[in-house]
Amino acid sequence: MKLPSDDKKDMAPLDEEGLWDANDVARFLKASRSWVYQRAQAGQLPCVKIGGLLRFEPAAIRAFIKGQGRR
């Protein structure tokens, strides 16, 4: 069961400053969180590993999308 507060996070705008987590990237790409993790761990999606956490630079994700369109 989803709580009302969960819906607000889903609708929150993505912050351009700072790093995104896998949920942010999945929402931006309209993909599943597992797809984001699989691509990042395979080296196909640019990410930064901080300890055991994966984080993503918004500019790098946008550049990834533009690069995918040229194939």
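Residues numbered from 1 in each chain as written. Predicted model: local features only at pLDDT ≥ 70, side-chain atom pairs only at ≥ 80, totals over all residues. Heavy atoms only, no water.

### Points about the overall build of the chain
Item 1. On a plain count of helices and strands, the chain comes out with four helices and two strands.
Item 2. Counting only residues that meet the buried cut, the chain has 18% of its 71 residues in that class.
Item 3. Summed over all atoms, the accessible surface of the chain reaches about 5,300 Å², with 53% contributed by carbon and sulfur. (Helix = DSSP H or I, 4+ residues; strand = E, 2+ residues; numbered from the N terminus. Buried < 20%, exposed > 50% of the residue type's maximum accessible area, 1.4 Å probe, protein only. Areas by Shrake-Rupley, 256 points an atom, 1.4 Å probe, with all protein chains shown as cover.)

### A closer look at the packing of aromatic side chains
Item 1. What the rule picks out here adds up to one aromatic pair.
Item 2. Geometrically, the ring pair formed by Trp20 and Phe28 is tilted, given 5.2 Å between the ring centres and 50° between the ring planes.
Item 3. Given a relative accessible area of 1%, Trp20 falls into the buried group. (Phe/Tyr/Trp six-rings, centres within 6.5 Å; stacked < 30°, edge-to-face > 60°.)

### Observations regarding the pattern of salt bridges
Item 1. Applying the stated criterion across every chain, the model contains one salt bridge.
Item 2. Of the charged contacts in the structure, one is a salt bridge between Asp24 and Arg27, with a shortest N-O distance of 2.8 Å. With a gap of three residues between them, Asp24 and Arg27 both fall in helix H2 (residues 22–29), about one helical turn apart.
Item 3. Take Asp24: its relative accessible area is 11%, and that puts it in the buried class. (Salt bridge = Lys/Arg side-chain N within 4 Å of Asp/Glu carboxyl O.)

### Examining unusual backbone geometry
Item 1. The phi torsion at Lys30 lies on the positive side, around 55°, for a residue other than glycine.
Item 2. The topology assignment puts Lys30 in the loop between H2 and helix H3 (33–41).
Item 3. The exposure class assigned to Lys30 is exposed, which follows from its relative accessible area of 78%.

### Comments concerning the packing of H2 against H3
Item 1. It is the contact of H2 with H3, at a shortest axis distance of 8 Å, that shows an interaxial angle of 110°. Viewed along their axes, H2 and H3 adopt a mutual orientation that is roughly perpendicular. Seen from H2, the contacting residues are Ala22, Asn23, Val25, Ala26 and Leu29; seen from H3, they are Arg33, Trp35, Val36 and Tyr37.
Item 2. Looking at the contact of H2 with H3 residue by residue, the classes come out as seven nonpolar, one polar and one charged. (Axes fitted to C-alpha atoms, helices over the stretch in contact; angles between N-to-C directions. Parallel < 35°, antiparallel > 145°, perpendicular 65-115°, else oblique. Contact = heavy atoms within 4.5 Å. Nonpolar A, V, L, I, M, F, W, Y, C, P; charged D, E, K, R; others polar.)

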